[in-house]
Amino acid sequence: MSLELLTLNNPVFKSFTFWAGVLVVKMLAMSLLTAIQRFKTKTFANPEDLMSPKLKVKFDDPNVERVRRAHRNDLENILPFFAIGLLYTLTNPSAFLAINLFRAVGISRIVHTLVYAITLSRDV
Amino acid sequence: MSLELLTLNNPVFKSFTFWAGVLVVKMLAMSLLTAIQRFKTKTFANPEDLMSPKLKVKFDDPNVERVRRAHRNDLENILPFFAIGLLYTLTNPSAFLAINLFRAVGISRIVHTLVYAITLSRDV
Amino acid sequence: MSLELLTLNNPVFKSFTFWAGVLVVKMLAMSLLTAIQRFKTKTFANPEDLMSPKLKVKFDDPNVERVRRAHRNDLENILPFFAIGLLYTLTNPSAFLAINLFRAVGISRIVHTLVYAITLSRDV
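Residues numbered from 1 in each chain as written. Chains lettered and ligands numbered in written order. Predicted model: local features only at pLDDT ≥ 70, side-chain atom pairs only at ≥ 80, totals over all residues. Heavy atoms only, no water.

**Q** Teacher, can you tell me more about the packing of helix H2 (residues 11-41) of chain C against helix H4 (residues 95-119) of chain C here?
**A** Helix packing for two helices is described by the angle between their axes and how far apart those axes are. Residues and elements named next belong to chain C. Axis separation between H2 and H4 bottoms out at 9 Å; the angle between their running directions is 10 degrees. The orientation of H2 with respect to H4, classified from their angle, is roughly parallel. Grouping the amino acids of the contact of H2 with H4 by side-chain chemistry returns 17 nonpolar, 3 polar and 3 charged. (Axes fitted to C-alpha atoms, helices over the stretch in contact; angles between N-to-C directions. Helix = DSSP H or I, 4+ residues; strand = E, 2+ residues; numbered from the N terminus. Parallel < 35°, antiparallel > 145°, perpendicular 65-115°, else oblique. Nonpolar A, V, L, I, M, F, W, Y, C, P; charged D, E, K, R; others polar.)

As structure tokens, then:
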């Protein structure tokens, strides 16, 4: 029973693995997004990163801080999902319900990033 | 053997699942606690959240920052526990020891939140 | 099949468990490193932590903030590795590839801490 639950023969585990993969890639992309904003606004947190002697370390650029808040929000929500989603899969839930719940989590986290970290950052 | 370890027939796994569930709910409640402190002290980090044109974004309210530090402390401690607790369960440990260790983690994290983020925030 | 994957008879799982253990210990040590820097520079974030009435809460010490950024970087990278590494192990990958990938992650995270949080902090 438990043997089958953690194989790709189980559609619930397959769906969980898919969305976990998508969300890990999305989270790692936040580091890239932060780096892009840091270079665009010339906001660096480490003295050794300063590209010219005229720059100073800066911690309060609104665009950089917005991406960092979005990244932290991912840590607060996606990482517990990995733990609870795996345990939920092991309870052998209804496939229809579980797959749609995983979809809802995955899609809503992607929408969160698009709206909060990308669209809104232009208006600041 | 490993088959049985990740089912609710295993009292260690049952205890781990219970405390993981409690701690995920506790962690998600930290977002709510932050929101409550933000509204109470009118401290918002995003320009689009400001409720009146007289307010400005603010990052240094001591009560909001205290809850955010408590939340970050959860990320630093509870999330590694999810990983290591699952691997520990797979080593087929003594049930008495494992269940009491999980209890100690769960209870001490709840006490941490009550003392650090709730009781002490009134004194600031 | 899946039965064998999550036991120490599987060299991939054994390697994953080893590196997960090493990285959890490394992450928990970051809290200690932060505490050391806090006492060395007398930088405390909570009013109840101030050791003498002359001190004030301070959030901008560069050495403390550097360790905290290193710790946050761990949360952003090591914690998703725990999730994705476990799922990867369940796909029954090539042992040679998987074990060397886990080694690369483990060693590079230790080097990151040594360089970023320890060596560079002396120069600030």
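**Q** Could you clarify how one ought to interpret the pattern of salt bridges in this entry?
**A** Where charged atoms of side chains with opposite charge meet at close range, the side chains can pair. Tallying each qualifying case throughout the model produces 15 salt bridges over all chains. Taken together, the salt bridges that share partners define one network made up of A:Lys26, A:Asp74 and A:Arg109. (Salt bridge = Lys/Arg side-chain N within 4 Å of Asp/Glu carboxyl O.)

**Q** Looking at this structure, how should I read the interface of chain A and chain B?
**A** Where interface size is given, it is often the accessible area lost as the parts come together that is meant. With 19 residues of chain A at the contact, the number on the chain B side is 24 residues. When chain A packs against chain B, the two sides together hide about 1,700 Å² of surface, and 70% of this comes from carbon and sulfur. Contact with chain B buries surface across chain A, with A:Arg69, A:Arg72 and A:Leu87 losing the most and accounting together for 31% of the total. Between chain A and chain B we count 1 salt bridge in total. Residue B:Glu48 pairs with A:Arg66 through a salt bridge whose shortest N-O separation is 2.9 Å. Here chain A and chain B share 5 residue pairs in polar contact (both at pLDDT 80 or more) between them. (Contact = heavy atoms within 4.5 Å. Buried area = accessible area lost by both parts, 1.4 Å probe. Polar contact = N/O pair within 3.5 Å; in protein donor to acceptor, adjacent residues only side chain to side chain.)

**Q** Just checking my understanding: could you explain the environment of C:Val67 for this structure?
**A** All names here are of chain C. Along the chain, Val67 falls in helix H3 (residues 62-90). Look at Val67 and you get buried, because its relative accessible area is 0%. When the C-alpha positions of Val67 and Arg38 are compared, they lie 10.0 Å apart, and in sequence the two are 29 residues distant. Discounting residues that sit within four places of it in the chain, Val67 has contacts with Met30, Leu33, Thr34, Gln37 and Ala117. (Buried < 20%, exposed > 50% of the residue type's maximum accessible area, 1.4 Å probe, protein only.)

**Q** Just checking my understanding: could you explain the relation of the copies chain A and chain B for this structure?
**A** A rotation about some axis, followed by a shift along it, carries one copy of the chain onto the other. Mapping chain A onto chain B calls for a rotation angle of 120 degrees and an axial translation of 0.0 Å; the resulting RMSD is 0.0 Å. Taken together, the turn and the small shift mark the pair as related by a three-fold rotation axis. (Least-squares fit on C-alpha atoms with pLDDT ≥ 70 in both.)

**Q** Where do I start with the interface of chain A and chain C in this structure?
**A** The partner chain C presents 19 residues to the 24 residues of chain A that form the contact. For the pair chain A and chain C, the summed buried area comes to about 1,700 Å², and 70% of that belongs to carbon and sulfur atoms. At the boundary of chain A and chain C, one finds 1 salt bridge. Between chain A and chain C we count 5 residue pairs in polar contact (both at pLDDT 80 or more) in total. Looking at the side of chain A that touches chain C, the elements that each hand over two or more residues are helix H2 (11-41) and helix H3 (62-90) of chain A. Looking at the side of chain A that touches chain C, the element that brings in the most residues is H2(A), giving 9 residues.

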